[in-house]
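One letter stands for each residue in the lines below.
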Amino acid sequence: MNAFSPTSLRLVGIGALITTVCVLPGLVKPHQLDLLIFLFVNLIVAVAYRLIVIVGEGLALMAQRW
Amino acid sequence: MTTSFAVTPWLGMVSGPLAATVVAYVLSFPLLRMRGFYFIVGSFVAGEAIRLCWLKYRAVFGGPSGLVNIPTLEFAGVDLGSPVPFYFFAFAIALISLVAMYRLEKSQFGLTLASIASSEALAQSVGVNARRYRARVFVIAAFFTGVAGSLHAHYLTAVGPDSFGFAPMLAVTVWVMVGGTGAFSGPILGTIALTGLDELLRDFEQYRAGVYGFLLILTMSFLPKGLQSVVPLFWGALWHRGRSGRAAPTGR
């Protein structure tokens, strides 16, 4: 399998993500851990907002069209 | 529920998204009659109305101080009120939510939504009820936002009216605009970039709004499709590098 094939890149990406997520709490300061928790919360909100955008509504889409 | 009736916090965790879903369903009737700019103004007004209701009905929502002393979650004897266990819990919930929304976008339902955005008249001509689909996606988005709100409330053990004002709505819009709306990765990139920026600006709180505004102008001027438009260039370079590294066929 080519090292740069989509499958191998995907596997490497998933592995890197899981490793990073597991290791981060031991490396960051307490306030940065809070920030990471809020990042996870914010990610859900932002992607949920995009659901509105893909149906053709929302300020973000209007600004991009403008 | 968990503060007034002393029920298990997990019930509060589940009822938060359900409450958001019900409120969104009710709001979808007036809001989805509006289109474009009017929809945006309507949704901002709805958020502000919720904030004012929160301030007015102290008995239910706690007034300006909000709901406090929300009990923390506990799972298999592990107190999720501590940062590290909650970090893994929040990651798991975020991962499940993102995968669910990704699958939704790639499903037939998501393709129908894209067709409505592309040409509503054409979609309606083949029997798609655009208004019903808009209402459904509005309610689904509210459900996931409710999940995020429940996580937020149970971690901070408090939720106040400031969570519903103009500023949080604008912040979400900026994350999505900086990241781009053209691909699923757009809002993820925007949120990660601006959360990282928040950390860099931690000692310069007074400049944050200005920096956000400047970044927004830069994005709209030079990267109108957002950060996600840069990612294919990066992957393309990596892909071509990989292909050029392969041995050329000799024909033997």
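Residues numbered from 1 in each chain as written. Chains lettered and ligands numbered in written order. Predicted model: local features only at pLDDT ≥ 70, side-chain atom pairs only at ≥ 80, totals over all residues. Heavy atoms only, no water.

**Section: the overall build of chain A**
Put simply, the rule reads: Here a strand is any run of E in DSSP of at least two residues, a helix any run of H or I of at least four, and the numbering for each starts at the N terminus. Only protein chains enter the accessibility calculation, which uses a 1.4 Å probe; a residue whose area is less than 20% of its type maximum is buried, one above 50% is exposed, and one in between is partly exposed. Residue-level accessible areas treat just the shown protein chains as cover; the underlying method is Shrake-Rupley with a 1.4 Å probe.
Helix and strand content of chain A: three helices and zero strands. Helices (α) and strands (β) of chain A occur, in sequence order from the N terminus, as α-α-α. Here chain A holds 66 residues, and the buried ones make up 48% of them. Carbon and sulfur atoms make up 72% of the accessible area of chain A, which totals about 3,300 Å².

**With respect to the nonpolar core**
When a protein is soluble and globular, its nonpolar side chains tend to lie buried together. Here is the rule: What makes a nonpolar core is a set of buried Ala, Val, Leu, Ile, Met, Phe, Trp, Tyr and Cys residues whose side-chain atoms join them at distances within 4.5 Å. Contacts are residue-level and defined by heavy atoms, with any inter-residue pair within 4.5 Å sufficient.
Among the nonpolar cores identified, the biggest contains 68 residues, and Ile44 of chain A together with Phe86, Phe89, Met101 and Leu151 of chain B are the most heavily contacted of them. Per-element tally for this core: the top contributor is helix H2 (residues 30-54) of chain A, with 17 residues. When residues no more than four places from it in sequence are discounted, the contact partners of Phe89 of chain B are Trp10, Met13, Leu73, Leu80 and Leu151 of chain B.

**Observations regarding a nonpolar patch on the surface**
All names here are of chain B. Selection criterion: The patches reported here contain residues having more than 30% relative accessible area and no salt bridge. Joining distances are 9 Å for like charges and 5 Å for nonpolar side chains (Val, Leu, Ile, Met, Phe, Trp, Tyr). Each reported salt bridge corresponds to a side-chain nitrogen of Lys or Arg within 4 Å of a carboxyl oxygen of Asp or Glu.
Where nonpolar side chains cluster on the molecular surface, the patch consists of Val22, Tyr25, Val26 and Phe29 and spans about 420 Å² of accessible area. Assignment of secondary structure puts Phe29 in helix H1 (residues 9-31). Relative accessible area serves as the criterion here: at 45%, Phe29 is assigned to the partly exposed category.

**Focus on H1 of chain B**
Residue and element names in this part refer to chain B. Here is the rule we go by: What a helix should span is 1.5 Å times the count of its residues minus one. Here the bend at each residue means the angle between axes fitted to two seven-residue stretches, the one ending at that residue and the one beginning there.
The terminal C-alpha atoms of H1, which comprises 23 residues, lie 32 Å apart, in line with the 33 Å expected from a rise of 1.5 Å per residue. Maximum bend of H1: about 25°, positioned at Ser15, with proline Pro17 one to four residues after it. Three or more residues of H1 are buried, namely Pro9, Gly12, Met13, Pro17, Thr21, Ala24, Ser28 and Leu31. Those residues of H1 hidden inside the fold are in contact with helix H2 (37-56), helix H4 (83-106) and helix H7 (130-156).

**Considerations on the interface of chain B and chain A**
Inclusion rule: Take the accessible area each of two parts loses on contact, using a 1.4 Å probe, and add the two losses: that sum is the buried area. Here a polar contact is taken to be a pair of N or O atoms separated by no more than 3.5 Å, where protein atoms must pair a possible hydrogen donor with a possible acceptor and residues adjacent in sequence count only if both atoms sit in side chains. Amino acids are sorted into nonpolar (Ala, Val, Leu, Ile, Met, Phe, Trp, Tyr, Cys and Pro), charged (Asp, Glu, Lys and Arg) and polar (every other residue, Gly among them).
Contact residues are listed per partner, giving 64 residues for chain B and 46 residues for chain A. Buried surface at the junction of chain B and chain A, summed over both partners, amounts to about 5,100 Å²; 78% is from carbon and sulfur atoms. At the boundary of chain B with chain A, the tally comes to one salt bridge. When the shortest N-O distance is used, the salt bridge between Arg50 of chain A and Glu105 of chain B registers 2.5 Å. Our count for the contact surface shared by chain B and chain A stands at five residue pairs in polar contact (both at pLDDT 80 or more). Taken together, the elements giving at least two residues each to the side of chain B that touches chain A come down to H2, H4, helix H5 (108-118), H7, helix H8 (166-179), helix H9 (185-200) and helix H11 (231-245) of chain B. Per-element tally for the side of chain B that touches chain A: the top contributor is H4 of chain B, with 14 residues. Residues that form the side of chain B that touches chain A fall into these classes: 45 nonpolar, twelve polar and seven charged.

**Brief notes about the layout of surface pockets**
The line we're drawing: A 1.4 Å probe that fits but cannot get out identifies a cavity on a 1 Å grid over protein atoms alone, an open set with protein on both sides within 12 Å along at least five of seven lines counts as a pocket, and a residue lines either if it has an atom within 4 Å of a point. Grid points are joined across faces, edges and corners, and a volume is the space filled by probe spheres set on the points.
Taken as a whole, the second largest pocket encloses approximately 1,600 Å³ of empty space. Along the walls of the second largest pocket sit 35 residues, with Gly13, Ile14 and Leu17 of chain A together with Ser185 and Ile188 of chain B positioned nearest its centre. For the lining of the second largest pocket, the secondary structure elements donating two or more residues are helix H1 (6-27) and H2 of chain A together with H4, H9 and H11 of chain B. Classifying every residue of the lining of the second largest pocket by side-chain character gives 29 nonpolar, three polar and three charged.

**Here we look at the packing of H2 of chain A against H8 of chain B**
In plain terms, the rule: All axes here are fitted lines through C-alpha atoms, helices being fitted over the stretch that makes contact, and every angle between N-to-C directions spans 0 to 180 degrees. Orientation categories follow fixed angle ranges, with anything under 35 degrees roughly parallel, anything over 145 roughly antiparallel, 65 to 115 roughly perpendicular, and all other angles oblique.
The geometry of H2 of chain A relative to H8 of chain B is characterised by a closest axis approach of 10 Å and an angle of 75° between their N-to-C directions. As judged from the angle between their axes, H2 of chain A and H8 of chain B are roughly perpendicular. Judged by residue contacts, Asn42, Val45, Ala46 and Tyr49 of chain A of H2 of chain A engage Val172, Thr173, Trp175 and Val176 of chain B from H8 of chain B. Its residues assigned to classes, the contact of H2 of chain A with H8 of chain B shows six nonpolar, two polar and no charged.

**Regarding the pattern of salt bridges**
All names here are of chain B. With the rule as written, the count across this model stands at four salt bridges over all chains. The partner of Glu48 in a salt bridge is Arg51, with the nearest N and O atoms 2.7 Å apart. With Glu48 and Arg51 both in helix H2, this residue pair falls three residues apart, about one helical turn. A salt bridge links Arg208 to Asp198, with the nearest nitrogen and oxygen atoms 3.6 Å apart. In this pair, Arg208 is assigned in helix H10 (residues 208-222) and Asp198 in helix H9, connecting sequence segments ten residues apart. Under the relative-accessibility criterion, Asp198 is labelled buried at 17%.

No statement about biological role is implied by the geometric values presented.
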